[in-house]
Amino acid sequence: MDTRLSPDDLAALISRCTGVPVTGEQVTDPDRTFDDLGVDSLGLMGVLAQLQRDHGVSKDAELLPHQSPRELLALLPRRA
């Protein structure tokens, strides 16, 4: 299981799961929320499920539209 994701990789995953184009720059912007990007709670559920399945994110993790993609990066297991 590969747990390493760069901001660009995470942006691509979010875009694939939600259909909303997201860039690596947007992922690292602490002031940009999922709401700002147009990603709704259903889309976030898909993103979180993918991260739990393929990237070691805890099954207890929660993600809400008022949070930022940067906060999502913090949920990922630390890189070796």
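The structure under discussion appears in the preceding block.
Given the structure is predicted, the values throughout are model-derived calculations rather than measurements.

1. A few points about the overall build of the protein chain
Part 1 of the reasoning: Looking only at helices and strands, the protein chain has five helices and zero strands in total.
Part 2 of the reasoning: Each helix (α) and strand (β) of the protein chain, taken in turn from the N terminus, gives the series α-α-α-α-α.
Part 3 of the reasoning: Computed over the C-alpha atoms, the radius of gyration of the protein chain is 11 Å, within 12% of the 12 Å expected from 2.2 N^0.38 for a compact globule of 80 residues.
Part 4 of the reasoning: Based on the C-alpha atoms only, the size of the protein chain along its principal axes is roughly 30 × 25 × 20 Å.
Part 5 of the reasoning: Counting only residues that meet the buried cut, the protein chain has 39% of its 80 residues in that class.
Part 6 of the reasoning: Partitioning the intrachain contacts of the protein chain with sequence separation of at least 6 by distance along the chain shows that 61% fall at a separation of at least 24.
Part 7 of the reasoning: Separation of charge centres in the protein chain, based on 8 positive and 13 negative side chains, amounts to 8 Å.

2. Some points on the nonpolar core
Part 1 of the reasoning: Leu 10, Ile 14, Val 22, Phe 34, Val 39, Leu 51 and Leu 72 are the most contacted members of the largest nonpolar core, which has 20 residues in total.
Part 2 of the reasoning: Apart from residues lying up to four places away in sequence, Leu 10 is in contact with Leu 5, Val 27, Leu 51, Pro 69, Leu 72 and Leu 73.

3. Focus: the environment of Glu 25
Part 1 of the reasoning: Mapped onto the elements, Glu 25 comes out in helix α2 (residues 24–28).
Part 2 of the reasoning: For Glu 25, a relative accessible area of 67% gives the class exposed.
Part 3 of the reasoning: In the structure, Glu 25 is positioned 17 residues away from Asp 8 in sequence and 7.7 Å away in space, judged by C-alpha atoms.

4. A short note on helix α4 (residues 41–55)
Part 1 of the reasoning: The terminal C-alpha atoms of α4 lie 20 Å apart, and with 15 residues this matches the ideal 21 Å at 1.5 Å per residue to within 8%.
Part 2 of the reasoning: Here the buried face of α4 lies against α1 (7–18), α3 (34–37) and α5 (69–75).
Part 3 of the reasoning: With a side-chain oxygen positioned 3.3 Å from the backbone nitrogen of Leu 42, the residue opening α4 is Asp 40.
Part 4 of the reasoning: The positive-phi residue at the C-terminal boundary of α4 is Gly 56, with phi of around 75°.

5. Focus: α1
Part 1 of the reasoning: For α1, with twelve residues, the first-to-last C-alpha span of 16 Å sits near the 16 Å given by 1.5 Å per residue.
Part 2 of the reasoning: For α1, the complete set of buried residues consists of Leu 10, Ala 11, Leu 13, Ile 14 and Ser 15.
Part 3 of the reasoning: Of the residues one or two after α1, Gly 19 is the one with positive phi, at around 80°.

About the thresholds
Residues numbered from 1 in each chain as written. Predicted model: local features only at pLDDT ≥ 70, side-chain atom pairs only at ≥ 80, totals over all residues. Heavy atoms only, no water. Helix = DSSP H or I, 4+ residues; strand = E, 2+ residues; numbered from the N terminus. Rg over C-alpha atoms; globule rule 2.2 N^0.38 Å. Buried < 20%, exposed > 50% of the residue type's maximum accessible area, 1.4 Å probe, protein only. Contact = heavy atoms within 4.5 Å. Lys, Arg positive; Asp, Glu negative; His and termini not counted. Charge placed at Lys NZ, Arg CZ, Asp CG, Glu CD. Core = buried A, V, L, I, M, F, W, Y, C linked by side-chain atoms within 4.5 Å. Expected span 1.5 Å × (residues − 1). Polar contact = N/O pair within 3.5 Å; in protein donor to acceptor, adjacent residues only side chain to side chain.

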